[in-house]
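# Coordinate analysis (summary)
Listed below, chain by chain, are the residues.
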Amino acid sequence: PAFDTLYKFPHPGPLRPSFSSHPSLQTNIPQMASQRLELISSHLTAQPTASSNVTRIGAKSPDDIVIVSALRTPIIRARKGPFKDTLPEELLAAVLKATIEKTGIKPELVQDIAVGNVLPPGGGASAARMAALYAGFPESTAINTVNRQCSSGLQATVQIVTAIQTGLIDIGIGAGVESMTTNYGAAALGNTSEKIASANQAAADCLLPMGGHMDQLAKSFTSCSPYSITSENVAADFGITRDKQDTFSARSHHLASAAQKAGLFNAEIIPVTTTVLDKDGKEVTVTVDKDDGIREGVTSQSLSKLKPAFSATGTTTAGNASQVSDGAAAVLLMKRATAERLGLPIQGKYITSAVVGVPPKIMGVGPAYAIPIALAKANIKVSDVDIFEINEAFASQSVYCVEKLGIDINKVNPKGGAIALGHPLGATGARQIATLLTELKRQNKRVGVTSMCIGSGMGMAAVFERE
């Protein structure tokens, strides 16, 4: 079935072109696969959940899953910034330790920690365990790592939410970390089956680099056509011009620069003291307390001078794609009744979330399909949301999603997004929660959404309410 038919929720306007006419969907789907898609389509229909356990906006319940703390490290340019000699477990340990210190929670009360990460060998499992123990959690606190690519930090948070909702644990932390300095590159792709890729085009499309920031991976795809990169696919197929992309990107830097100057990130960032090797190989101790990828004075005109990353006729550049970055974030979660019993502050509560699959070739459209499903589960509309934190993997997909859903641009990433701040893959999903809740408080607004596209063709979104 055509993609828009499979996802049966209303769209604010027609797609041009529509998914049903998209060339990546004109392949012959085996009959059994088609029947399977029809079977599961009802499960993906955006209808409010009937369960009595649904957390409702505007109503407090002892069973609400609340956020007591949402913190992050500064986001630092990979290989260039002061985290270039800091390993991912050291970044993770810093934010976990800060969570203990700032909330005063007894570490032994935290029963499980889920850590989103994408690139580390072995899934980063042992390194994450080391980080938790070093940060002060006892051996009795369990930990695991999660990889749903760019949504890993959000997926880790939702995993902990679900564990609390079902009574498996009482208190947990959803976190995320990535050192793209340490692990980013073509080697992170690993080996995949040529047999599967050659027999199924959608499977082969899962290997396409996601955007202009994937410069090293792009070297492995030198034989690709000019529009074989997913960011270029979205721009070309849906008419997202270079000027729109550069204008959106300049806006990200402008907002982030203004927010940094005004100290709007201070409440979410924890300073990290680490060591850096200088040009002579000497260790220097530094304390990092602000993001370093934000560029003041960037304009669409200055960005328009940058060359396309993948082809002379392309529109994706180093200036309109997310930066390669290092960073970590952590979200402390429990039921409202638990937080009140322990005397812990409540920043906000988790309402619901959704994750969906989209064609891998145009994976950047993911938020445009995940957000409506999450909103329907929460029984709200786009216009009811005060702030959207939509990950800026690259400008083409961000512009597309905002336009497709008819979102007021003034509600989108009001402190800038990943184009200015950076996108440490496993950390972004948790980082967005910290950024969202502090901004909702500052604006005295209530409802927020975080969302991102996901490599290999998915989208994820979550709804939160400020306390």
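As a starting point, this report considers the structure included with it.

What counts and what doesn't
Residues numbered from 1 in each chain as written. Predicted model: local features only at pLDDT ≥ 70, side-chain atom pairs only at ≥ 80, totals over all residues. Heavy atoms only, no water. Helix = DSSP H or I, 4+ residues; strand = E, 2+ residues; numbered from the N terminus. Contact = heavy atoms within 4.5 Å. Polar contact = N/O pair within 3.5 Å; in protein donor to acceptor, adjacent residues only side chain to side chain. Phe/Tyr/Trp six-rings, centres within 6.5 Å; stacked < 30°, edge-to-face > 60°. Buried < 20%, exposed > 50% of the residue type's maximum accessible area, 1.4 Å probe, protein only.

We now examine the environment of S311. Relative to the elements of secondary structure, S311 occurs in the loop between α12 (300-303) and β8 (325-335). Each C-alpha atom, one on S311 and one on E232, is 9.6 Å from the other, the two residues being 79 residues apart in sequence.

This next bit is on the environment of E392. Secondary-structure assignment places E392 in the loop between β10 (387-390) and α15 (395-405). Once the C-alpha coordinates of E392 and S249 are considered, the two residues, 143 residues apart in sequence, prove to be 8.8 Å apart. In this structure, E392 is in contact with F248, S252, S322, Q397, S398, N413, G416, G417, A418, I419 and A420, ignoring residues within four places of it in sequence. Reaching out from E392, the side chain makes a polar contact with the side chain of N413 at a distance of 2.9 Å. For E392, the side chain forms a polar contact with the main-chain nitrogen of A418, separated by 3.3 Å.

The next point concerns the packing of aromatic side chains. For any pair of aromatic rings, geometry is given as the distance between the ring centres together with the angle between the planes. Taken as a whole, this structure holds 2 aromatic pairs when the rule is applied. A centroid spacing of 4.6 Å and a plane angle of 35° characterise the contact between F238 and Y400, whose relative ring orientation is tilted. One end of the pair, F238, is in helix α10 (residues 230-238); the other, Y400, is in helix α15, with 162 residues separating them in the sequence. Overall, the relative accessible area of 9% leaves F238 in the buried class. Residue class for Y400 comes out buried when judged on its relative accessible area of 4%. Relative to F464, the ring of Y350 lies with its centre 6.0 Å away and its plane at 75°, an arrangement referred to as edge-to-face. Placement of Y350 in strand β9 (residues 348-357) and of F464 in strand β12 (residues 458-466) is noted, with a sequence separation of 114 residues between them. In this pair, the class of Y350 matches that of F464, namely buried.

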